[in-house]
Amino acid sequence: MLGVSIETLRRWETDGRVRMERSPGGQRVIDMAEVSRLLDERRQVQNDRPIVAQSARNRFSGVVTRIERDRVAAVVEVIAGPHRLVSLMTAEAIDDLDLKVGDEAVCVVKATNVIVEIPSDRESRA
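Since we're looking at a predicted model, the values are computed, not measured. Each chain has its residues counted from 1, following the order in which its sequence is written. Given that this is a predicted model, residues contribute local features only at a pLDDT of at least 70 and side-chain atom pairs are listed and counted only at 80 or more, while totals for whole chains, interfaces and linings are drawn from all residues. The side-chain figures draw on all heavy atoms in the structure; neither hydrogens nor water molecules are used.

Caption draft 1: Looking closely at the overall build of the protein. Across its full length, the protein holds three helices and seven strands. Ordered by position from N to C terminus, the α and β elements of the protein give α-β-β-α-β-β-β-α-β-β. When accessible area is computed with a 1.4 Å probe and restricted to protein chains, residues below 20% of their type maximum are described as buried, those above 50% as exposed, and intermediate ones as partly exposed. The buried share among the 126 residues of the protein stands at 32%. Here the contacts in the protein between residues at least 6 apart in sequence split such that 44% fall between residues at least 24 apart. With the model as given, the accessible surface of the protein reaches about 8,300 Å², and the carbon-plus-sulfur share is 51%. Secondary structure elements follow DSSP: runs of H or I no shorter than four residues count as helices, runs of E no shorter than two count as strands, and numbering proceeds from the N terminus. Any two residues whose heavy atoms approach within 4.5 Å are treated as being in contact. All accessibility values rest on the Shrake-Rupley procedure with a 1.4 Å probe; residue burial counts only the protein chains present in the view.

Here it is, written out as structure tokens:
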């Protein structure tokens with residue numbers, strides 16, 4: 001979700017940049033709040049990647065945490081800081097956006113609709 005290697009996460013843990021806990025099996029576990037905090041920090045230092053045009057004013061940058069779909073419809077959940085946003089859209093829209101769990105996305109809220117946009121120059125999923 002952060003687009004960094006395991007080694008980077010280990011260095012960040014050693015440097016105190018990220019808090020991790022250990023699972024009963026000894027794996028490092030990062031709380032979603034920590035992931036959101038790191039993404040917020042990254043967005044603050046990066047140049048804003050503008051959307052071409054939009055009339056809605058309520059925008060929430062976050063990370064896609066769940067996608068449930070069938071042949072026609074889909075449910076997309078995005079965690080944006082302390083907010084959990086859920087969007088209902090067509091399965092075709094998921095394909096058109098090439099949307100995957102872990103992707104950065106912007107939820108645009110206008111009235112009762114949540115619109116998911118992909119910012120320009122999307123970072124690689126590596």
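Caption draft 2: Broad picture of the nonpolar core. For our purposes a nonpolar core is just a set of buried Ala, Val, Leu, Ile, Met, Phe, Trp, Tyr and Cys residues, chained together by side-chain atoms within 4.5 Å. Counting residues in hydrophobic clusters, the biggest one holds 14 residues, and the most contacted among them are V64, V76, M89, I94, L99, C107 and V116. Elements represented by at least two residues in this core include exactly strand 4 (73–80), strand 5 (83–90), strand 6 (104–110) and strand 7 (113–117). If you look at the next biggest cluster of nonpolar residues, it comprises nine residues, including W12, V18, L39 and V63.

Caption draft 3: Molecular detail of the pattern of salt bridges. By salt bridge we mean one thing: a side-chain nitrogen of Lys or Arg within 4 Å of a carboxyl oxygen of Asp or Glu. Under the counting rule described, the total for this entry stands at 11 salt bridges. The shortest N-O distance in the salt bridge between E117 and R59 comes to 3.0 Å. Of this pair, E117 sits in strand 7 while R59 is found in strand 3 (residues 58–69), placing the two residues 58 residues apart along the sequence. Between R66 and E68 there is a salt bridge; the shortest N-O distance is 2.7 Å. Owing to a relative accessible area of 44%, E68 belongs among the partly exposed residues under this scheme.

Caption draft 4: Spatial organisation of the packing of aromatic side chains. Any Phe, Tyr or Trp ring, taking Trp's six-membered ring, that has another such ring centre within 6.5 Å forms a pair; planes under 30 degrees apart are called stacked, those over 60 apart edge-to-face, and the others tilted. With the rule as written, the count across this model stands at zero aromatic pairs. Two limits define a charge over a ring: the Lys NZ or Arg CZ must be within 6 Å of the ring centre, and within 35 degrees of the ring normal. When the ring centre of W12 is taken as origin, the NZ or CZ atom of R17, which lies over that ring, is 3.9 Å away.

Caption draft 5: Summary view of the side chain of E77. Residue placement: E77 occurs in strand 4. Assessed through its relative accessible area of 11%, E77 is described here as buried. What qualifies as a polar contact is a pair of N or O atoms within 3.5 Å, subject to a donor-acceptor requirement within protein and to the restriction that residues adjacent in sequence count only when both atoms come from side chains. A polar contact is formed between the side chain of E77 and the side chain of R84, at a distance of 2.4 Å. For E77, the contacting residues outside a window of four places in its chain are V63, V64, T65, R66, R84, L85 and V86.

Caption draft 6: Representation of helix 1 (residues 6–15). T8, L9 and W12 are the residues of helix 1 that are buried. Down the axis of helix 1, the smallest arc covering the buried residues is 100°, so these residues share one side. The exposed set on the far side of helix 1, more than 90 degrees from its buried face, consists of I6 and T14. The first or second residue beyond helix 1 is G16, which carries a positive phi of 80°. Here, the arc refers to the directions that run from the helix axis to the C-beta atoms.

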